[in-house]
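Spelled out, the chains give:
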Amino acid sequence: TQLLEQSPQFLSIQEGENLTVYCNSSSVFSSLQWYRQEPGEGPVLLVTVVTGGEVKKLKRLTFQFGDARKDSSLHITAAQPGDTGLYLCAGAGRGSTLGRLYFGRGTQLTVWP
Amino acid sequence: GAGVSQSPRYKVAKRGQDVALRCDPISGHVSLFWYQQALGQGPEFLTYFQNEAQLDKSGLPSDRFFAERPEGSVSTLKIQRTQQEDSAVYLCASSLVEEQPQHFGDGTRLSIL
């Protein structure tokens, strides 16, 4: 059971297009992390957002944490073939579940040249 | 090494056999996590260690699953009497302390025939 719902599940776009991936939950998390995973490899951390309303930019990637700390979005500007991969959001547990990460199902992004 | 190392990378076993999966965390990392990632899903939490203490094993799917970290460094995940539904990628992650970002290994892909 995934506590975090990601949408869309699959996204196939042309190089140069913009896209947004969404991550939603009914639970509040102490922080939310975005990972990217390539086939046969483990997830690699892209960013951690902690404060409600926080916006972080990483080159062409913009991450936003919802005001209530329940949802997040990832926006990619001018996508490139190198952006292809599985994008996972993960909420960090609080209290008795501190340290645990709750992952969404992921968004499989394919960027065609 | 610089990252989390897992072995073997691939494991094929017959139903009913026991398997052992190994994780070498980043040196000095106190926290160690195991996750299970089924095909097309995000990782799901299995268990968590702080040094040698197993603080949370609530994600282990059955009593056939057992994890240990006897000296607070290397960890082993053991699955007894394997079943087909155990087929998945098993990911290990470590972090300096529990609230810090987790660094993932590349996983062990387990296939039960």
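Model, not experiment: these values are computed from the prediction.

## Overview of the overall build of chain B
A tally of helices and strands in chain B yields 0 helices and 11 strands. Traced from its N-terminal end to its C-terminal end, chain B shows the element sequence β-β-β-β-β-β-β-β-β-β-β. Here the C-alpha atoms of chain B give a radius of gyration of 13 Å, agreeing with the 13 Å that 2.2 N^0.38 yields for 113 residues. A burial count over chain B gives 46% of its 113 residues as buried. Taking all contacts inside chain B whose residues are at least 6 apart in sequence as the whole, residues at least 24 apart take part in 52%. Of the roughly 5600 Å² of accessible surface on chain B, 46% is carried by carbon and sulfur atoms. Averaging the positions of the 11 positive and the 13 negative side-chain charges in chain B gives two centres separated by 10 Å.

## Considerations on the state of the cysteines
In this structure the tally under the stated criterion is 2 disulfides over all chains. In this model, A:Cys23 is linked to A:Cys89 through a disulfide, with the two sulfur atoms separated by 2.0 Å. The sign of the S-S torsion, about 80 degrees, decides the handedness of the disulfide formed by A:Cys23 and A:Cys89: right-handed. Here A:Cys89 lies in strand E9 (residues 85–92) and A:Cys23 lies in strand E3 (residues 19–24), a separation of 66 residues in the sequence. A disulfide bridge connects B:Cys23 with B:Cys92, and the sulfur atoms are separated by 1.9 Å. Where B:Cys23 bonds to B:Cys92 through sulfur, the torsion about that S-S bond is close to -65 degrees, and the disulfide is left-handed.

## Notes on the sheet that holds E3(A)
All names here are of chain A. Read from one edge to the other, the open sheet built from 5 strands follows the order E1-E3-E8-E7-E6, with strand pairing classed as antiparallel. The open sheet has two edge strands, strand E1 (5–7) and strand E6 (55–58), and neither has a second partner. In this sheet, neighbouring strand axes are inclined to one another by 15 degrees on average, regardless of whether the strands run parallel or antiparallel. Across 6 bridges, the pairing between E3 and strand E8 (residues 71–76) is antiparallel. Bridge pairing links Tyr22 to Ser73 in E8.

## Side note on the nonpolar core
In terms of nonpolar packing, the biggest core is built from 21 residues, with A:Leu19, A:Leu32, A:Trp34, A:Leu74, A:Ile76 and A:Leu109 touching the most fellow members. One finds B:Leu46, B:Leu77, B:Cys92 and B:Ile112 within the second-largest nonpolar core, a separate group that totals 20 residues.

## A short note on the sheet that holds strand E7 (residues 65–68) of chain B
Residue and element names in this part refer to chain B. Strand order in the open sheet formed by 4 strands is E1-E3-E8-E7, and the pairing between neighbours is antiparallel. Each edge of the sheet is formed by a strand with only one pairing partner; in this case those strands are strand E1 (5–7) and E7. Going across the sheet, the axis of each strand differs from the next one's by a mean of 15 degrees, ignoring polarity. Relative to strand E3 (residues 19–24), E1 runs antiparallel, the two being bridged by 3 bridges.

Calculation rules
- Residues numbered from 1 in each chain as written.
- Chains lettered and ligands numbered in written order.
- Predicted model: local features only at pLDDT ≥ 70, side-chain atom pairs only at ≥ 80, totals over all residues.
- Heavy atoms only, no water.
- Helix = DSSP H or I, 4+ residues; strand = E, 2+ residues; numbered from the N terminus.
- Rg over C-alpha atoms; globule rule 2.2 N^0.38 Å.
- Buried < 20%, exposed > 50% of the residue type's maximum accessible area, 1.4 Å probe, protein only.
- Contact = heavy atoms within 4.5 Å.
- Areas by Shrake-Rupley, 256 points an atom, 1.4 Å probe, with all protein chains shown as cover.
- Lys, Arg positive; Asp, Glu negative; His and termini not counted.
- Charge placed at Lys NZ, Arg CZ, Asp CG, Glu CD.
- Disulfide = S-S within 2.5 Å.
- Pairing = 2+ DSSP bridges.
- Axes fitted to C-alpha atoms, helices over the stretch in contact; angles between N-to-C directions.
- Core = buried A, V, L, I, M, F, W, Y, C linked by side-chain atoms within 4.5 Å.

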